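Listed below are the residues making up each chain.
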Protein chains: 2
Amino acid sequence: MHRTKVRIVEDALDANNTIAQANRADFARAGVAVVNFMSAPGAGKTSLLERVVGDLPGVRVGVLEGDVQGSMDADRLAGLHVPVTQLNTDPSFGGECHLDANMVRSALGALPLDEIDLLVIENVGNLVCPAEFRVGEDVRVMVSSVTEGEDKPLKYPLMFRTCDLVLVNKIDLLPHLDFDLEKFLHHIDQVNPRAPRMLLSARTGEGIEQWREWLTGVAAGVREGAPA
Amino acid sequence: MHRTKVRIVEDALDANNTIAQANRADFARAGVAVVNFMSAPGAGKTSLLERVVGDLPGVRVGVLEGDVQGSMDADRLAGLHVPVTQLNTDPSFGGECHLDANMVRSALGALPLDEIDLLVIENVGNLVCPAEFRVGEDVRVMVSSVTEGEDKPLKYPLMFRTCDLVLVNKIDLLPHLDFDLEKFLHHIDQVNPRAPRMLLSARTGEGIEQWREWLTGVAAGVREGAPA
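Sequence positions are assigned chain by chain, starting from 1 and proceeding in written order. Ligands are numbered from 1 and chains lettered from A, in the order in which they are written. The predicted origin of the model limits local features to residues at a pLDDT of at least 70 and limits the giving and counting of side-chain atom pairs to 80 or more, whereas totals for whole chains, interfaces and linings rest on all residues. Note that water and hydrogens are dropped before the side-chain values are worked out from all heavy atoms of the structure.

Moving on, we get to the sheet that holds strand S5 (residues 139-145) of chain A. Strand-to-strand pairing in sheets goes through backbone hydrogen bonds, with the strands running parallel or antiparallel. Residue and element names in this part refer to chain A. Judged by pairing direction, the sheet is parallel, and its 7 strands sit side by side in the order S3-S2-S4-S1-S5-S6-S7 without closing on themselves. Taken across any chain shown, the strands that pair with only one partner, and hence form the sheet edges, are strand S3 (84-88) and strand S7 (197-199). Averaged over all pairs of adjacent strands, the angle between their axes in this sheet comes to 20°, without regard to strand direction. Whether two strands pair depends on DSSP finding at least two bridges between them. Secondary structure counts use DSSP, requiring at least four H or I residues in a row for a helix and at least two E residues in a row for a strand, with both numbered from the N terminus. Where strand S2 (residues 61-67) meets S3, 5 bridges bridge the pair, whose relative direction is parallel. Directly across from valine 63, in S3, lies its bridge partner valine 84. By the convention used here, residues are in contact when the closest approach between their heavy atoms is within 4.5 Å. Only C-alpha atoms enter the line fits that serve as axes; for helices the fit covers just the stretch in contact. Angles between N-to-C directions range over 0 to 180 degrees. Set on the sheet, helix H8 (residues 208-219) makes contact with strand S1 (33-39), strand S4 (118-122), S5, strand S6 (165-169) and S7; between it and S1 the angle comes to about 140°.

Right, dumping it as structure tokens:
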């Protein structure tokens, strides 16, 4: 008698993980490293991409833009001569507050995977749900702007806990804020002590070089702290 | 033959609206005006409440704090001698990115409704889903910080469209930002031309007086732009 054991897929997140693994396998087959790029609204994701995507030595970059509506970020990046694909989460009222693996899968056919080495997926601006849904990425990068306050790692722990790099943006504003940088870094330590962090400013360019180098390393397969 | 027509409740949002209406009826019976207070993470909701909740002439304020985890904002407000109730959306992994009507309903018994005139519900920091779920409020107030960029009304239109007041916070930082205030206000006009807006800074206190007066007016039943 032939018997096969099948583990039942438990819930929506499990289904999402199944699709995320399929995405990741497709990306790997195409030789494309993938970054899931996340932050609160207005933390500076697009500005930090504008600084580097057109200028990564030896790395061909593509961007998948996730937004509730519109294509403002994609329009900003289009001038940099990198392929940009837009994904909108709003089929009707309100829209989804995050990308999930199936949305990214629906965009696979539109991505020029054979022409790029690195795909940056700019997620919807949100510190909660994007952290819950893997989309097929190799690494997760989050941006936390110093204007958002020191308490964010403790208030949105899953996001900080599951990322492989924290970009601390807008440090040019530090002299004008009541922001305790030491306290903020200590809060990151409380939820994710191993997370590398970089202090930078998309506006002034400070610290951008190390961000460029880190991305180049990811594309080269040197994936620092890549999740299993 | 007795026949009754019942309209079928269509979806989750419809169910949410039903509960929100029940909440609103309970608040109205208790004589409590309710503000649903929303923004992106770190825009300054709690700081703007710290500035006014202990000092509204003739108005007894209570606060319901919505967070994924922890009670950092509630702890900050507790020193102001107003009743603060904490609601966490995280029963396990990740947590909900917004409050819904049923979560607020579950907190009704913990709210001192007979001791307050105004309840401010500080929602989870997020510009997407909180806008989709009414919780029983009379008015919606959102905070948009000038550090978040001019594009936010176009990227998160439902939030801007459904609010009754936009607080434009952190204007003390304007000299240090590449932020085009006229463009931002024009973007608000594109999605919600009737929304009143106030320019202020929780840090310096600029503009706080009009925010205090507006809240006092809400509590007095003078609900500017109150939704139906």
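The phi dihedral of histidine 81 of chain A falls on the positive side, at around 60°, and the residue is not glycine. Here histidine 81 of chain A is to be found in the loop between helix H3 (72-78) and S3. The backbone of lysine 170 of chain B sits at a positive phi, close to 70°, despite the residue not being glycine. Checked against the element boundaries, lysine 170 of chain B lands in the loop between strand S6 (165-169) and helix H7 (181-191).

Turning to the pattern of salt bridges, a few remarks are in order. Salt bridge, as used here: a side-chain nitrogen of Lys or Arg that lies within 4 Å of a carboxyl oxygen of Asp or Glu. The full count for this structure, using the stated rule, is 32 salt bridges over all chains. A salt bridge links aspartate 178 of chain B to arginine 203 of chain A; its shortest N-O distance comes to 2.9 Å. In this pair, aspartate 178 of chain B is assigned in the loop between S6 and H7 and arginine 203 of chain A in the loop between S7 and H8, connecting two distinct chains. A relative accessible area of 61% places aspartate 178 of chain B in the exposed class. Across the pair arginine 76 of chain B and aspartate 73 of chain B runs a salt bridge, and its minimum N-O distance is 3.8 Å. A residue pair is termed a helical-turn pair when its members lie 3 or 4 positions apart in one helix, as arginine 76 of chain B and aspartate 73 of chain B do in helix H3 (residues 72-78) at 3 residues. Aspartate 73 of chain B sits in the buried class, given a relative accessible area of 1%. Look at the salt bridges and you will find they share partners, linking Glu50, Asp67, Asp73 and Arg76 of chain A together with Lys155 of chain B into a network. Accessible area is worked out with a 1.4 Å probe on protein chains only. A residue is then buried under 20% of its type maximum, exposed over 50%, and partly exposed in between.

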